[in-house]
Amino acid sequence: MSVNKKRLTLSDIAELSGVSKTTASMILNGRSSDFRIKPETCQKVKEIAEKYGYRANVYAKALQAQRTNVIGLVIPDFTNYGFALTSKALERLCRDNGLQLVIACSDDNPELEKKAIEQLLDRRVDILITAPTHNDPSYYHNVVQYTQMLHLDRYISGLNIPSITSNDTQSIGVLVENIVRAYQPKEFFYLGGQLALSPSQNRLKGFREGLEQSHLALQEDWILHQDYQPESGYQMFSQIVEKLGRLPEAVFTASFTLLEGVMRYLSEHNQMDKLLTQELHLATFDDHHLLNALPFHIHSIKQEHQQIAEQTFALIQQKLADKAVESVKVDCEILWRKSI
């Protein structure tokens, strides 16, 4: 037969090898020993397949096996350091175990998240993992009718979808309490993301508990919320300075991205020296190795991204094995960058 540059089919390989399509299929799917196919026949079929770059149709195989070995992941932001670390570790775990992780971004926008989910469903992913961008359970309830689902970093109350999240409330409470006891600020501001999201609620709860334990009476106007983008951190910090007519004494940001915005404001307004003199105390949820290189101290709460990825992969394996799955919380580490 004449062979052109188009991708060869299984029928083409069988014809070139002088065997039936069934025999070629058994050999290329590693089942030759089950049917006692001669070694020389197996070698001939494999050599021809390799010569012409034959690749099995993964979608056809998926229909037969009722699995694609593809896992879908939708995260809010590719540039978010925490999600990037978790995604990288999870992709490696999947790859090393014969699974493919396909990652999409929602930009923390519900409509974009829905679009990403629909595209992954079209690829017939075995499991869909998403960090939900809103608190409406109806949409996710519909999705889970079509594919198995996990939630990462966030969860929706009352929805029976297992989640992998950080145990952030307790660690934030301890951090805030110790900062107040050590530095005795008369005010402590909180900059958070979308309040409807479960991490926002849990982190704010930890902040309130920390102030309560330290006996610093909370003023409700100390709490500001927008989203988790750096520009929001910049804007909220600017609002505080404008209202006070000076820098605040202490600020906790609910994510490293919000801290980025605060740091940019301080840099643009030549106020970084206030961190050196400790006229301003900064603390944040999330961590970055660059915080270790600064000439001043910013205490932080580090999420264990490798452990989060490992726990997520363990739930993936359990779901693929049709085992019962329960939600998991992973403890955080408080990083004191100066003894207090």
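Just so we're clear, the structure is a prediction, and the values are computed from it rather than from any experiment.

Draft legend 1. Here's a closer look at the packing of aromatic side chains. What the rule picks out here adds up to 8 aromatic pairs. A ring pair is formed by Tyr 190 and Phe 252, whose centres lie 5.9 Å apart and whose planes are at 20°; its orientation type is stacked. Here Phe 252 lies in strand E8 (residues 250–253) and Tyr 190 lies in strand E6 (residues 189–192), a separation of 62 residues in the sequence. Per residue, the accessibility class of Tyr 190 equals that of Phe 252, and both read buried. Taken together through their ring pairs, the aromatic side chains of Phe 188, Tyr 190, Phe 207 and Phe 252 make up a single cluster.

Draft legend 2. Local environment of helix H9 (residues 198–214). Given a rise of 1.5 Å per residue, 17 residues ought to cover 24 Å, and the 25 Å separating the end C-alpha atoms of H9 matches this to within 8%. Taken as a whole, H9 has its buried residues at Ser 198, Pro 199, Ser 200, Asn 202, Arg 203, Leu 204, Gly 206, Phe 207, Gly 210, Leu 211 and Ser 214. Against helix H8 (168–183), E6, strand E7 (223–225), E8 and strand E9 (281–285) lie the buried residues of H9. His 215 lies just past H9 and shows a positive phi near 65°.

Draft legend 3. Highlighting the pairing of E8. Burial along E8 is two-sided: the face carrying Ala 250 and Phe 252 and the face carrying Val 251 and Thr 253 are both buried. Relative to E8, E6 runs parallel, the two being bridged by 3 bridges. Counted as the bridge partner of Leu 191 is Thr 253 from E8. Examined bridge by bridge, E8 and E9 share 4 bridges and lie parallel to one another. Directly across from Phe 252, in E9, lies its bridge partner Ala 283.

Draft legend 4. How the structure looks around the packing of helix H1 (residues 10–17) against helix H3 (residues 39–51). Interaxial distance between H1 and H3 falls to 9 Å at its minimum, and their mutual angle equals 125°. Taken as axis vectors, H1 and H3 run oblique relative to one another. Helix-helix and strand crossings are classified by hand; for H1 and H3 the assignment is right-handed. Of the residues in H3, those touching H1 at Ile 13, Leu 16 and Ser 17 are Lys 44, Val 45, Ile 48 and Ala 49. The residue makeup of the contact of H1 with H3, split by class, is 5 nonpolar, 1 polar and 1 charged.

Draft legend 5. Inspection of the nonpolar core at higher detail. Counting residues in each nonpolar core, the largest one holds 45 residues, and the members touching the most others are Phe 188, Phe 207, Phe 237, Phe 252, Leu 266 and Leu 282. Among the secondary structure elements, those contributing two or more residues to this core are H8, E6, H9, E7, helix H10 (230–244), E8, helix H11 (256–268) and E9. With 7 residues, H11 is the single largest residue contributor to this core. Those residues in contact with Phe 188, other than ones at most four positions away along the chain, are Val 176, Ile 179, Val 180, Phe 207, Leu 211, Leu 216, Trp 222, Ala 250, Val 251 and Phe 252. Residues Leu 99, Leu 101, Ile 308 and Ala 309 belong to the second largest nonpolar core, which totals 24 residues.

Draft legend 6. Up close: unusual backbone geometry. Residues other than glycine seldom take positive phi values, yet Asn 270 does so here, at roughly 55°. Residue position: Asn 270 is located in the loop between H11 and helix H12 (273–276). Residue classification places Asn 270 among the exposed residues on the basis of a relative accessible area of 64%.

How each quantity is defined
Residues numbered from 1 in each chain as written. Predicted model: local features only at pLDDT ≥ 70, side-chain atom pairs only at ≥ 80, totals over all residues. Heavy atoms only, no water. Phe/Tyr/Trp six-rings, centres within 6.5 Å; stacked < 30°, edge-to-face > 60°. Helix = DSSP H or I, 4+ residues; strand = E, 2+ residues; numbered from the N terminus. Buried < 20%, exposed > 50% of the residue type's maximum accessible area, 1.4 Å probe, protein only. Expected span 1.5 Å × (residues − 1). Contact = heavy atoms within 4.5 Å. Pairing = 2+ DSSP bridges. Axes fitted to C-alpha atoms, helices over the stretch in contact; angles between N-to-C directions. Parallel < 35°, antiparallel > 145°, perpendicular 65-115°, else oblique. Left-handed = near helix turned anticlockwise from the far one by under 90°. Nonpolar A, V, L, I, M, F, W, Y, C, P; charged D, E, K, R; others polar. Core = buried A, V, L, I, M, F, W, Y, C linked by side-chain atoms within 4.5 Å.

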